[in-house]
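As a plain string of letters, each chain reads:
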Amino acid sequence: MKRKLSIALLMAAMSLGATASEQDTRDLIALGALTFADNCRKCHQLDGYGEEALYPSLHDPKLLANKSLLIDTLLHGRSAPRRNGGEEDLMPPLEFLTDREIAAIIAFISNTWGDGVLLVSEEEIKAAR
Ligand code: HEC
């Protein structure tokens, strides 16, 4: 009982120790994970590896550090023809997502499969629309 209490106190102290901005980043990444599962999973898969020859893997730190390319791909999709052709293989624009959701997805994928979390402001996304 005493031990349980001290663990609870320790956890409370740890969460108090997190700065507001760390907590914001964690919240953003969590939103990104959910938004990714809803909007990207069917092509890139939950593990981000995609499907060979159809949907590219997102496990690419260089790509996940490229802010403008990510914003542009998410807002406008990809119209470049795939090697094997076929419109269904192109990436659709996801402009219906909110600025915060786009920022959250970028935070989630860069934190999970890149070299570190890439934070993009909602203003930067708005400006690219
Ligand atoms: C309908 C399937 C589909 C959905 C849904 C989809 N994508 Fe894609 N995505 C693709 C395809 C296909 C490509 C490659 C397009 C090309 O050939 O340039 C791609 C390319 C990308 C790229 C660029 C990869 C590179 O190497 O340049 C990123 C980043 C990306 N998608 C992220 C996402 C994210 C994040 C979501 C969800 C918000 C998403 N995609 C939703 C099919 C999809």
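Fair warning: this is a prediction, and the values are worked out from it, not measured in the lab.

J.: It is not clear to me how the overall build of the protein chain should be interpreted in this structure. Could you clarify?
T.: Scanning the protein chain for helices and strands turns up 6 helices and 0 strands. Each helix and strand of the protein chain, placed in order from N terminus to C terminus, yields the pattern α-α-α-α-α-α. Of all 129 residues assigned to the protein chain, the portion counted as buried reaches 19%. Across the protein chain, every contact between residues at least 6 apart in sequence was considered, and the portion connecting residues at least 24 apart equals 56%.

J.: Hey, could you run me through the site of the ligand in this one?
T.: Lining the immediate environment of the ligand, one finds 22 residues, of which N39, C40, C43, R78 and M91 sit closest. Partitioning the shell around the ligand into residue classes produces 15 nonpolar, 3 polar and 4 charged.

J.: What should I look at first to understand the environment of H76 in this one?
T.: The residue H76 is located in helix 4 (residues 67-76) in this model. When the 15 C-beta atoms within 10 Å are taken as the criterion, H76 is described as partly exposed. The sequence separation of H76 and E95 amounts to 19 residues, and the corresponding C-alpha distance is 6.7 Å.

J.: What exactly am I supposed to notice about unusual backbone geometry here?
T.: Note on backbone geometry: most residues besides glycine have negative phi, and most peptide bonds are trans. The phi torsion at Q45 lies on the positive side, around 70°, for a residue other than glycine. Structurally, the position occupied by Q45 is in the loop between helix 3 (41-44) and helix 4. Backbone geometry at A53 places phi at a positive 70°, although glycine is not the residue there. Mapped onto the elements, A53 comes out in the loop between helix 3 and helix 4. The exposure class of A53 is exposed, given the 10 C-beta atoms found within 10 Å.

J.: Can you help me understand the confidence of the model for the protein chain in this one?
T.: In the predicted model, the protein chain carries a mean pLDDT of 87, and the fraction of residues at 70 or more is 79%. When the elements of the protein chain are averaged for pLDDT, helix 1 (residues 2-17) gives the smallest value, 63, and helix 5 (residues 99-113) the largest, 98.

J.: Could you clarify how one ought to interpret helix 5 in this entry?
T.: Since one α-helical turn is 3.6 residues long, residues separated by three or four positions face the same way. Here helix 5 spans 21 Å end to end across 15 residues, near enough to the 21 Å set by a 1.5 Å rise per residue. Counting buried positions along helix 5 yields 11 of 15 residues, so the element is predominantly enclosed. Considered for burial, the residues of helix 5 that qualify are E101, I102, A103, A104, I105, I106, A107, F108, I109, S110 and N111. If you follow the buried residues of helix 5, they end up packed against helix 2 (20-39), helix 4 and helix 6 (122-128).

J.: Explanation requested: helix 4 in the structure shown.
T.: Along helix 4, the positions that sit buried rather than exposed are L70, I71 and L74. Buried residues of helix 4, viewed axially, fall in a sector of 95°; they line one side. Exposed side of helix 4, more than 90 degrees from the buried face: S68 and L69 are the residues found there. Buried residues in helix 4 make contact with helix 5 and helix 6. Positioned one or two residues after helix 4, G77 has a phi angle of 70°, which is positive.

Conventions and cut-offs
Residues numbered from 1 in each chain as written. Predicted model: local features only at pLDDT ≥ 70, side-chain atom pairs only at ≥ 80, totals over all residues. Helix = DSSP H or I, 4+ residues; strand = E, 2+ residues; numbered from the N terminus. Buried ≥ 20, exposed ≤ 12 C-beta atoms within 10 Å, placed from the backbone. Contact = placed C-beta atoms within 7 Å. Near = placed C-beta within 6 Å. Nonpolar A, V, L, I, M, F, W, Y, C, P; charged D, E, K, R; others polar. pLDDT = per-residue confidence, 0-100. Expected span 1.5 Å × (residues − 1). Arc of directions from axis to C-beta.

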